[in-house]
Every structure is written in C-alpha cells, then in structure tokens.
Amino acid sequence: MTCPTCGSPLPSPTALCSACGALIGVIPQASEEPSRAFQLKFHGDGLNLFGFHALNMVLIPLTLGIYYFWGKVNVRKYFYSETEFDGERFAYHGTGLERFMGALRVGALFVGLGIITAALTAVAPSVMARLDRLIVWGFWLAAAPYAIVASRRYRLSRTSLRGIRFGFRGALPEFYKLCLTGGFLTLITLGCYGPFFQHDLKAYMIGNSYYGSRQFRFDGQSSGLLLRYLKSYLLSIVTLGIYSFWFQAWLDRYFWDHTSVDGARFQSSVTGGGLFSLFVTNSLITVLTLGIGLPWATARNVRYKLAHLKLVGNLDLDAVRQEVTLGSATGDDMADLLGVDLGL
Amino acid sequence: MESVHANIGVWRGYYYDGQSSRRHEVTLNLAPTGLNIVSEDGTSRWWPYAEIRQTQGTFDGGQVRLERGGDLPETLVVTDVAFQDALRRFAPSWRRNGPLRMGGLSLALVAGIAAALSMAGIYVWGIPSFADAVAPFVPTAWEQKLGAAALEEMTAGQPRCDDPTKTRALERLVSELSRALPSQGYRFHVVLVQGETVNAFALPGGNIVVYTGLLDHTERAEEMAGVLAHEMQHVIHRDATRAILREVSLQVLVSALTGDQGSAKMLSTAASLGSLRYNRQAEAAADRDGMALVQAARIDPWGMVAMMRTLGRLEGNIPQAVSYLSDHPQTVERIHILQTLAHQAKYRPRPLLADVDWSAVARD
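Within every chain, residues take consecutive numbers counted from 1 along the sequence as written. Starting at A for chains and at 1 for ligands, labels are handed out in the order in which the entities are written. Given that this is a predicted model, residues contribute local features only at a pLDDT of at least 70 and side-chain atom pairs are listed and counted only at 80 or more, while totals for whole chains, interfaces and linings are drawn from all residues. The side-chain numbers reported here are obtained from all heavy atoms of the structure, hydrogens and water having been left aside.

Draft legend 1. Representation of the overall build of chain A within the structure. Helix and strand labels come from DSSP, where a helix needs a run of H or I of at least four residues and a strand needs a run of E of at least two; each type is numbered from the N terminus. Along its length, chain A carries 11 helices and 10 strands. Its C-alpha atoms give chain A principal-axis dimensions of roughly 85 × 50 × 45 Å. Counting only residues that meet the buried cut, chain A has 46% of its 344 residues in that class. Every residue pair with non-hydrogen atoms within 4.5 Å of one another is taken to be in contact. Sequence-distant contacts in chain A: of pairs separated by 6 or more residues, those separated by 24 or more amount to 68%. Of the accessible surface of chain A, which amounts to about 16,900 Å², a share of 69% is contributed by carbon and sulfur atoms. The charge count treats Lys and Arg as positive and Asp and Glu as negative. His and the chain ends do not count. Every charge is mapped to an atom, namely NZ of Lys, CZ of Arg, CG of Asp or CD of Glu. Charged side chains in chain A number 30 positive and 22 negative. The centres of these two groups are separated by 5 Å. To sort residues, take the accessible area from a 1.4 Å probe on protein chains only and compare it with the maximum for the residue type: under 20% means buried, over 50% means exposed, and anything in between is partly exposed. Per-residue and other accessible areas were derived by the Shrake-Rupley procedure at a 1.4 Å probe size, with only the shown protein chains allowed to occlude residues.

Printed below as a string of structure tokens:
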C-alpha cells in the first residue's frame, strides 16, 4: 500500500508512515461514504482468559463471594477490549460495584418475597402448600422477561465504540406481551410455533438496539422458517445430531444477514463444517486438559465467530451522536440468578 | 516501529469527544504534569495526569486507551505499543482502571497455581470445616423437614412394608435403645421399605430407613439392634445434615466460580441424598457410639459384631489398597474394632424381645 499523505510506498499494512509520520487511517473522510466491508476481529487469547478465571477462583472464596462481581466484570472487559471493529476496540464501562449493588437489590427482593411467602404460609398454610409450585413458577415466568430485557439494556448501555454508547430501548410491556403470546402459542402447537416465536424475539431484541443515535434493524421473513426448522430437525435426528451444526450455522447466517444498521448490513460466513470442527477440537482440548483448557476453547469460539462476521455497506462511522439510555445493573444480576443470562 | 518517537514525548493517536463518534487525529506531547493534545485543526487540549484513567493496554502490549471525564468521558487511543513504556516513564502514578496490571503468562501462572492450591484447600479443609461448624446450629425442625423431603425422594417408587410383625419389632428395638440414650431432641422412627438391597441409612431428623433385604439377613434381634444403634448415632451426630451442607457448599462454590447458575439445581441437590457419603471418621464414630449404646442398653454386643461379619461376607472382599479410596472404612477393620469393644463388656446381657420369634420377623 501507499501512504495517502506523501505517497511513498509502504512495505506492509502499518499504522504510521515511516516516511512522513502520518497516521494511516482506514476510515474514509466524512464526505465520502463508499460501500465497503468493516471487519471484526478478536485479539484475545486463552492464556489471559485462563489467568482471569484462575484469579477469580482464588479471590472469590477468599472474599466470601464478594469478588465474584468484580471478577465477572474483568472478564467482560477483557472480551470487549480485545474485540476489534474496523480498527477500533470496544470498551466496557460496567463496574463491579454496580453489579454488586444490583445483586444486593435482587437479594433484597428475594428476601422480601420470602418474608411475604412465610407470612402468607403462616396465615393460610394449606392454601399455600398447594400453591407452592405455582408460586415458584409464576415468579420465574414473571421475572424472567424483565431480567432478559433489563440485562440487555444494562449491557448495551455499558458498551461503547469510539466513545459512543450502545443502547436498548425495548419497552417492557411489549416484551411481556411477546413472551406471553409466543409462549402460549408454542405450547398449544406443541412447539410448531417455536421458530416464529424465536423470530419475533430476535426482531424485538435487534430492532430495539441502538448505537448512539443509529437504530439496528431486523428484516427477516418468517415465512419459510417452519419448513426449514422441520427439515433440519429431521436431518439432525437421522445424522445423530451432526446436522445440527449445519443448521446452527444457517441460523447464525440468517439472523446476521438480516441485521442492518443505517445503510450497512451484517454478513456472517460461518459454516456448519467450521462449527463442527470447532466443536470437536474444543471438546478434545477441554476434555484432555480436564477442563483447564476451557478458556482456550472459549477464545477459539469467539475468534472464529468474529472472523466470520463483517458489516458491509455505507456507514458513516464519524457521524453518530451520543444518545444514552443507561440501564440499572439489577436486571443483569437477576438474569444471572434466574439462569437467563444471554450473551450479547 | 520507531524513529518518529525517538525524540521522546511526541505521539500520534485518535481523540473522541464523547458526544459524537467522530474520530480526530491528534498528536500528543508527554509533558511532566500532563498530556498536551493537539488536533489537526489546531485545537489544543490539556489533560493533567491526575485526571486521566487508563482503561485498556495496561498489560497486553496492545493499544492504550485513556479516558478523562465522568460517565461519558473523552477518549484517547494510541495504537503504538511503545507508548505504554513512555507512559510509565513519564506518568506512572495515575489510576489504572483497566482489568489488571499483570497479564498474559505471568498472571496465568501465578493465578493458576494459587487457584489450584486454593481449590484443593477448600475441598479438603474448607468445606468440611464449614459443614462441621454449621451443622450443630441447624434447627431440629429444619432437619426433620429435610429428612422428610429426602425420604420421599430416596424411597420414591419403592413400596413400604406394612407387616405389623416386622414394624412392631423394629419399633420396640428403637424404643429399647432410645431409653438408654441421654436425653436428646430426636425422635426416631423406622421406615421399613420393601427391597432386596441389604442396606439401612439414617436421614436428618430421626427417620431411619431399613430395607427388607437387610432384615432378611439377620439371625436374631441383637443383630438388628446393632444396626439400629449405629444408624441412630448417625442421626445424633448429624452426619447426614453435614453431608448435605458439604454438597450444597460445593454446588454454591462451583456456581460462583464458573459464573454458572441454577438455583433450582442447587435445591434439588440438597434434597437428593443419593450421593451422600459419610466419611471414614463418621462411620467409625457411629460404630463406636453405636456399640456403646448397645452396651448401655444391656444388649448382647456380639449381635452387632455378627451383623458386621454378615455384611462383610456379603460385600465381598475389598482389596486393601482400594479401601483407602472408598469412604467407608474397610469392613474387616470395623469388625476388629467392634470385637475389641465387645470384649470389654462386663455385664450379663438381658434377653431382647424374648417373646418374639425373630425368624418370623426376619423372613417372609
């Protein structure tokens, strides 16, 4: 390549021109917006991840569990800092203290519920005994959607690229309605509605996500979905599960390829073969090292996924405004506790 | 990557103002008390070191990210890896908000070894000590609830044996033994379950499960009394409660460490005593105190010895080497200890359940 400022030839991709010292920016100037591909890359490695996890294993028992929140944030910060988008690194702004306070609030909520339940049991023991299961399930069903939305809102609001925060503006009532109708329909159709439910969930999650002032969009069509799911399900059974990797890859590509922001669209190139070989090698790594190799397996997974994801189109990265919708960490902690902790 | 930076203190980077995503190319000078940042259009900013946070690049040799400000800070990114060293020379003292100062191999080694030692220590010492310390404080009422739940779970699908000949005999044995106990808070109750297993176990709170398979192999009441005495001591020692506490602690620890959750899983583990293991000390203590109880009740101690022999015959021979790995002390050793204790008995044993034909109780 050549230096855009002085024109001297450069031996390889560099960040600085050795002749004139100009910074070689990869992003075009604000005036031109040619369609191009924005690459993603993961720079992290298993060694660092292992170090963080090992550190957690030492400090969490030592602090009787309190360090758990700081440890989790450390790992997340590492993942984000090592993820590169078009030469930029992401940043994670959450703190252990926020998570800790959020957990205290969740804890207080559970204690409060426990007290109420105990009081009710004292007053009407037989009624409560019969409603026991119902109450637990009811609480989970009521709390899980809140936890999912709140945790996403928190996580996105603590993520930034070029100093601009991401955001999630999904309305909670809308999500509850989505979950209720989707769940109900899936139940009475014995799962057949499942693909459509998943589709609607994705549309909600993606469509309500923002990068600063820019909204993400999902334009998938759910029409041919059911057939595809059925075919994949049958094929997976016939191949003793092996086809599921190809189906997973297809799903991945489908959801990413229908996600866009501004004039640019994501493109995923993961393949079933890639996922399958990744699974086999990672399983070997993890099992042969009795679990110690798990961080390396995780790093390889992330590296693969990001290496096969890019954004293509017109996107003026210089012109995004900051529009903040900060969320509280309570949702994230509740999601953690209820087991609905979804990755980004 | 050098030369431009040979004249120290001048670097190139990107600046973001925190209000828009626009990337400004800037040059920075490392002054003694702060950074002087000059944009392309000539705007100059002054960042005192005291107000700067470093959030990336603290250890990994990658780009350095500096932030200044509150929630939506201004950001400075320098991609040249040599900048880290320059920073350390000029401004070593500011807050590092990044993950850690140590990373890579050094962190992995130090933390890895520390973690291994810590895990071993917790498993071998920490959790058992915790369980031992907490067990005495668990209210008996809780133990009974736990025991009731565990009883449901462990004998699910197995029918109870209601034969009054058997159940009455067992209840009488229990009350004979209870009378010889110093006053304590447990009420013992034998649950006879139909099954070929030659086994009996104690649950928290006072329930003792006995399988008809075990009953079948007893020759006389004194042998059954030995088994019951042993199990009653497990209840009094709270061995089952201790084992549950250990299980739950382990689950909590694993959940916290792996960042995994599953409170439902934890609760079901607590109720499921299927994997309960009493360690060697607990079994030996139950043997010793069970024998003491038998003797206090003036029951023939050789019944308990004979029962242990029968169980040993049925178990088959466990090779010496393997026995150290299992949680139950080797049966031969136990028989030997019980024999020694039986020899020390100086009383004349009284007849036990003399009015009952034990073969009618034991067999079908």
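Following the structure, the description resumes.
Draft legend 2. Structural detail: the nonpolar core. All names here are of chain A. We call a set of buried Ala, Val, Leu, Ile, Met, Phe, Trp, Tyr and Cys residues a nonpolar core when their side-chain atoms join them within 4.5 Å. In this structure, F85, F175, Y211 and L311 are the most contacted members of the largest nonpolar core, which totals 60 residues. A per-element tally of this core places helix 2 (residues 67-81) first, with 8 residues. Not counting chain neighbours up to four residues away, the residues in contact with F85 comprise F38, Q39, L40, F90, L161, L311 and L317.

Draft legend 3. Summary view of a nonpolar patch on the surface. All names here are of chain A. A contiguous nonpolar surface patch, about 450 Å² in accessible area, is contributed by I66, W70, L97, M101 and L104. It is helix 3 (residues 96-123) that provides the largest number of residues to the nonpolar patch, a total of 3 residues. Along the polypeptide, M101 turns up in helix 3. Exposure above 30% relative accessible area and the lack of any salt bridge qualify a residue for a patch; like charges then connect within 9 Å, and the nonpolar side chains Val, Leu, Ile, Met, Phe, Trp and Tyr within 5 Å. What counts as a salt bridge is simple: a side-chain nitrogen of Lys or Arg found within 4 Å of a carboxyl oxygen of Asp or Glu.

Draft legend 4. The arrangement of unusual backbone geometry in detail. Residue and element names in this part refer to chain A. Unlike most non-glycine residues, L190 shows phi in positive territory, near 55 degrees. You can see L190 is positioned in the loop between helix 5 (172-188) and helix 6 (194-207). L190 gets classed as exposed once you look at its relative accessible area, which sits at 79%. Unusually for a residue other than glycine, L290 sits at a positive phi of about 55 degrees. Position of L290 relative to the elements: it lies in the loop between helix 9 (272-288) and helix 10 (294-307).

Draft legend 5. Broad picture of helix 3 of chain A. Residue count minus one, scaled by 1.5 Å, sets the expected span of a helix. Between its first and last C-alpha atoms helix 3 of chain A spans 40 Å; for 28 residues at 1.5 Å apiece the expected length is 40 Å, and the two agree. Here helix 3 of chain A has its buried residues at A:G96, A:R99, A:G102, A:A103 and A:V106.

Draft legend 6. Layout of the pattern of salt bridges. On inspection of all chains with the given rule, the structure shows 22 salt bridges over all chains. A salt bridge links B:E67 to B:R53; the nearest nitrogen and oxygen atoms lie 3.0 Å apart. With B:E67 in strand 6 (residues 64-68) and B:R53 in strand 5 (residues 53-56), the pair connects residues that are 14 residues apart, well separated along the chain. When its relative accessible area of 3% is taken as the criterion, B:E67 is described as buried. On the accessibility criterion, B:R53 (12% relative accessible area) is buried. Here B:E143 ties to B:R238 by a salt bridge, and the two come within 3.5 Å at their closest N and O atoms. One end of the pair, B:E143, is in helix 3 (residues 140-154); the other, B:R238, is in the loop between helix 6 (221-237) and helix 7 (239-258), with 95 residues separating them in the sequence. Judged by its relative accessible area of 1%, B:E143 is buried. A network of salt bridges, in which partner residues are shared, links A:E88, A:R162, A:D318 and B:R23.

Draft legend 7. Examining the sheet that holds strand 4 (residues 159-161) of chain A more closely. Residues and elements named next belong to chain A. On the basis of which strands lie adjacent, the closed barrel formed by 10 strands has the order 1-2-3-4-5-6-7-8-9-10 and antiparallel pairing. Strand-to-strand twist across the sheet, computed as the mean angle between neighbouring axes with direction ignored, equals 30 degrees. Note: strand 3 (residues 88-92) against strand 4, 3 bridges, orientation antiparallel. In the sheet register, A91 faces strand 4, and the bridge partner there is S160. Axis definition: a line fitted to C-alpha atoms, over the contacting stretch in the case of helices. Angles run 0 to 180 degrees between N-to-C directions. Docked against the sheet, helix 2 engages strand 1 (36-42), strand 2 (83-85), strand 3 and strand 4, running at close to 165 degrees with respect to strand 3. Lying over the sheet, helix 6 contacts strand 5 (164-168), strand 6 (209-211), strand 7 (214-218) and strand 8 (259-261), oriented at roughly 165 degrees with respect to strand 7. The rule for pairing is simple: two strands pair if DSSP sees at least two bridges between them.

Draft legend 8. Molecular detail of the pairing of strand 8 (residues 189-193) of chain B. All names here are of chain B. Burial analysis of strand 8 places 4 of its 5 residues in the buried class, the great majority of the element. By the bridge criterion, 5 bridges tie strand 8 to strand 10 (residues 207-211) in an arrangement that is parallel. Note on strand 10: the bridge partner recorded for V191 is V209.

Draft legend 9. Seen up close, the side chain of A:S260. As for its position among the elements, A:S260 is in strand 8. Once residues within four sequence positions are removed from consideration, A:S260 is found in contact with A:Q215, A:F216, A:R217 and A:R265.

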